[in-house]
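Structure assessment
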Amino acid sequence: MEVRTNTGCGGARVSRRTFTKLTALGAAAALSGISNVGAYPMEHFDKLIEPAIAAPAEAERIVYGICEMCPFNCGIKVTCEEGVVKSIEGNPNEPHSKGKLCARGNSAEQVIYNPNRVKYPLIRTGERGAGGWKRATWDEALDYVAGKLNEIKGNYGPESIAIIQFPTSRMVPLVGRFQKALGTPNYFTSLGTCKISRVVADIATLGGHILNAVDFANAKYIMLFGRNTFETPATGSVQALSAAITSGAKLVYLDPRYTVTASKADEWIPIKPGTDLAFVLAMMNVIIREGLYDEEFINTYTYGFEELKEFIGEYTPEWAEGITDVPAAQIERIAIEFATTKPAVAHPNWHPKGYESETQISRGILILNALVGNINKPGGIFYPRGVGLGDIKPPAYPEITAKRVDGVPGTYPLVPASHGLWQLLPDAIINEDPYPVKGLIVYRSNPLFGMPDRNRIIEAFKKLDLLVAIDILPSDTAWYADVILPECTYLERDDPPMVIKGKSPKVALRQQCVEPMYDSKHSFWIFKELAQRIGIGNYFDFELDDYINAQLKPLGIDKDYFKENSIWSSDISPELKGLEGMKINTSTGKIELYSKKLEANGYDPLPTFVPPKEAPSGMFRLLHGHIAVHTHANPATFDNAYLNEICSENELWINTETAMDLGIMNGEYVWVENELSRGKIKAKVTEQIRPDAVFMLHGFGHLSPDLTLTYGKGLNDNDFIKAGADPIGGVCPMGETFVRIYREG
Amino acid sequence: MVYKFLFDVGRCIDCKACEVACKQQNDVEIGVRWRRVPEIEGGKYPNPSRTFLSLACFHCSRPYCMAACPTGAIYQRADGIVLTDKDKCIGCGYCVMACPFAVPEYGSDGLMQKCVACYQRIDKGLDPACVHTCLTGALAFDTQEVIAKIKRERVAEKVIISP
Ligand code: SF4
Ligand code: SF4
Ligand code: SF4
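All values derive from a computational prediction rather than experimental measurement. (Residues numbered from 1 in each chain as written. Chains lettered and ligands numbered in written order. Predicted model: local features only at pLDDT ≥ 70, side-chain atom pairs only at ≥ 80, totals over all residues. Heavy atoms only, no water.)

A word on a negative patch on the surface
Residue and element names in this part refer to chain A. Together, E306, E307, E310 and E599 make up a region of like negative charge exposed at the surface. The element best represented in the negative patch is helix α13 (residues 305–312), accounting for 3 residues. Along the polypeptide, E310 turns up in helix α13. (Patch = residues over 30% accessible without salt bridge, like charges linked within 9 Å, V, L, I, M, F, W, Y side chains within 5 Å. Areas by Shrake-Rupley, 256 points an atom, 1.4 Å probe, with all protein chains shown as cover. Salt bridge = Lys/Arg side-chain N within 4 Å of Asp/Glu carboxyl O. Lys, Arg positive; Asp, Glu negative; His and termini not counted. Charge placed at Lys NZ, Arg CZ, Asp CG, Glu CD. Helix = DSSP H or I, 4+ residues; strand = E, 2+ residues; numbered from the N terminus.)

Quick word on the domain arrangement of chain B
Accessible area lost during the coming together of the parts is what is often quoted as the interface size. All names here are of chain B. Assigned domains within chain B: domain 1 (1–56 + 117–163) and domain 2 (57–114). Across the contact, 21 residues belong to domain 1 and 19 residues belong to domain 2. Contact between domain 1 and domain 2 buries roughly 1600 Å² in total, counting both sides, with carbon and sulfur atoms accounting for 53%. Taken together, the connections running from domain 1 to domain 2 amount to 2 salt bridges. On the surface where domain 1 and domain 2 come into contact, there are 10 residue pairs in polar contact (both at pLDDT 80 or more). For the side of domain 1 that touches domain 2, the secondary-structure elements that each account for two or more residues are β1 (3–8) and α4 (119–123). Taken together, the residues of the side of domain 1 that touches domain 2 sort by class into 14 nonpolar, 2 polar and 5 charged. (Domains from an automatic or database assignment. Contact = heavy atoms within 4.5 Å. Buried area = accessible area lost by both parts, 1.4 Å probe. Polar contact = N/O pair within 3.5 Å; in protein donor to acceptor, adjacent residues only side chain to side chain. Nonpolar A, V, L, I, M, F, W, Y, C, P; charged D, E, K, R; others polar.)

Describing the packing of aromatic side chains
Throughout the structure, instances matching the rule amount to 26 aromatic pairs over all chains. Taken together, A:F166, A:F178, A:Y443, A:F524, A:F527, A:F540, A:F542 and A:Y547 form an aromatic cluster joined through their ring pairs. Positioned above the aromatic ring of A:W653, the side-chain terminus of A:K684 is 4.5 Å from the ring centre. The ring of B:F5 has B:R35 lying over it, and the distance from NZ or CZ to the ring centre is 5.0 Å. (Phe/Tyr/Trp six-rings, centres within 6.5 Å; stacked < 30°, edge-to-face > 60°. Lys NZ or Arg CZ within 6 Å of the ring centre and 35° of its normal.)

With respect to the interface of chain B and chain A
Taken residue by residue, the interface counts 42 residues in chain B and 47 residues in chain A. One can count 4 salt bridges joining chain B with chain A. One salt bridge connects B:R121 with A:E89, and the closest N-O pair in it is separated by 2.7 Å. Taken together, the links from chain B to chain A amount to 22 residue pairs in polar contact (both at pLDDT 80 or more). Those elements giving two or more residues to the side of chain B that touches chain A turn out to be α1 (17–26), β2 (39–44), β3 (47–52) and α5 (129–133) of chain B. Top element by residues in the side of chain B that touches chain A is α1(B). It accounts for 8 residues. Considering only residue class, the side of chain B that touches chain A consists of 17 nonpolar, 10 polar and 15 charged.

The structure is reproduced here in structure tokens:
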């Protein structure tokens, strides 16, 4: 069957050098200089060339901005010439990247100059997902979307329109404004399959989410419970961890897989998947039994030590040995090293291990840090400091009486509604439970690819009256949408400012480097135009610049400040001076080893170990994860010529002995199957994984044929994962996934 | 003054930032990779090993490629940087055969290309793009005296220096 690929995406892959030449030569002459132009409608090239030709010839120009290839938002320094992005580096004054970018950040030009970009608004003509599109003007597309939104709102109420947005967008407050003005409670980010349980654990234990605030650089003993720092590269954490290792810190890394981070550790512990908490509890047992905890810190700053002490008695290293596959003596030794080497820190993790007891796992690690008193001190976890930004006060919002469809906060009282549990949305749509959701606006998020159980999501999409995708590339979600609205990239836009939380807060601004290509627009403009068409224009009665300036006002600066300065720095001292005088935002005003918040909500106030499910016979636990050159579900890294060249397909990691038992050879394609899906993937037979688990990288097996570089390559782990939620923190228990592996047949 | 690369195996984390920085700063065409980071797997579970090597042209002191080139397309600057002159290259491939590391690669034009040590950046007083972006300090590029000094400082670590 031939797949029609007519979102207008694709065409000649123009290298930046060719592109510069194009702009210099002018349209007619340039076109003949490009191969394969016949396949590429003329008007695209007109658009492609137009902004650059219109701009006067310019010498090299440096623009400081913010990367948006992944959630970490590193500072960038972009060199532009003649309306074209020439090269990119890190902003040396930005505290995380310090002038260095990861592979993804370095690949920016393959996003802005990717010929697969969505070039103009598109309205679906054929079946959903069949690939029939008609080009629309912005007015047509926006009128169409607004008409549908009004219709849905009229028929079912505003709550029948849900919004999904990527959580680290600078547009979060403005999309939130749109949602509240529209009057729907159903706003989601992707945190339900990410760190939502960790957020809840932080709030319950420390009184607030402390993000990635771990002072690796000054630590002498570092424990990572599957936190694969080097392959989920936040440039700041990578530099700090690397510096710590270089200066002699001991790194203990627990993971069923021998990741890059494992390969740099002094000790790799191939722990049984899902049993990290047992290891942590046994460490606490030893530390308390041996009296190695920081008594003064415990007495002054924590609540519930006596309860913890009583609770921990049964969790001996011997008990943990049988659960974790780690010898009791090793656990005992590590516990003593951790408590006696100062400063020692355990990273409380980021992306979850993916178990139903995720919140308690995260809490366990936080409590471990508290036991040795290493909070808000050099080499410990710390409360990152921020600064407050201003706002343009919105008119009063309509009252929202409808409940959210994901059970937040009814069933999940502790899950922040600012994120929700997106993985529960498809079932709510299918079952119309508690009411129909008929419209879905997806702002540069990729639920069809990033959420578990793809078939279920497609089924849910079929029940929608309207699915809008605002995106740069024709993602899988966009491919199944009714309307695609092309957004410009982060190099083609100004954005609301970003507070860089840390030891001493800073503020950075994403600034436009070049004119938007094609007919792409800023999402602010898109939401504002939509708002005007659905009668909530009064909430967007300003321009983006006004909003940026209003946000910056409390700092005493405006947008122009960033023309001269690459960053704004506060005068708050970066020193970490412990917790004295600090207000801890829990009900007891202390770090809660015993969580009153969990208790009040009917949950276990102490981190009781819940064993993971056992693999059914003949099946293997499916682990998933990340590589440094890609993200989870953002097509900007997968459909990216530079990054695709490095990693274009995922493989299934199988332990050598397991592979021998199954008769599987390295490099052959094997079947992966469970009750949800079945698919083929290349086998990587390796010594670098436990025999009872298999692993595949996230991010492959895209459905959208217009992602021409990545389409048809690899397998999507999400196809095999069931949607669900940790009853406390809400994260989808993705680690509880089992698959059968077999050869041809 | 002669420049040398230093690569520190112990520090490299296979992040490939160097590879991509090289591509974007030098506009290297798709399919050609002046810098690459291959992996060597070893050991047996539960004691496996992974080693990553970030490799590009070594800008050797006595470049075999240059000696093998019949047209004089490969030349060496006074500062040790080895470059190829496209106008003289005939695409015979002798340089690849002569290079102990098979560094030069054919571009889509059928001519040879390889790492140019970011000489344009060097001439402006900057460091090479790959070195500049390396998140761990695994890569360095400097005069051979400085490189030798770094090597001595990192004596406990495994270090490879250009031959
Ligand atoms: S970690 Fe990489 S992709 Fe993420 S913001 Fe930083 S440079 Fe960009
Ligand atoms: S020195 Fe420059 S040309 Fe050579 S590998 Fe590094 S970035 Fe590429
Ligand atoms: S940037 Fe540095 S750490 Fe990363 S792969 Fe290259 S040499 Fe290794």
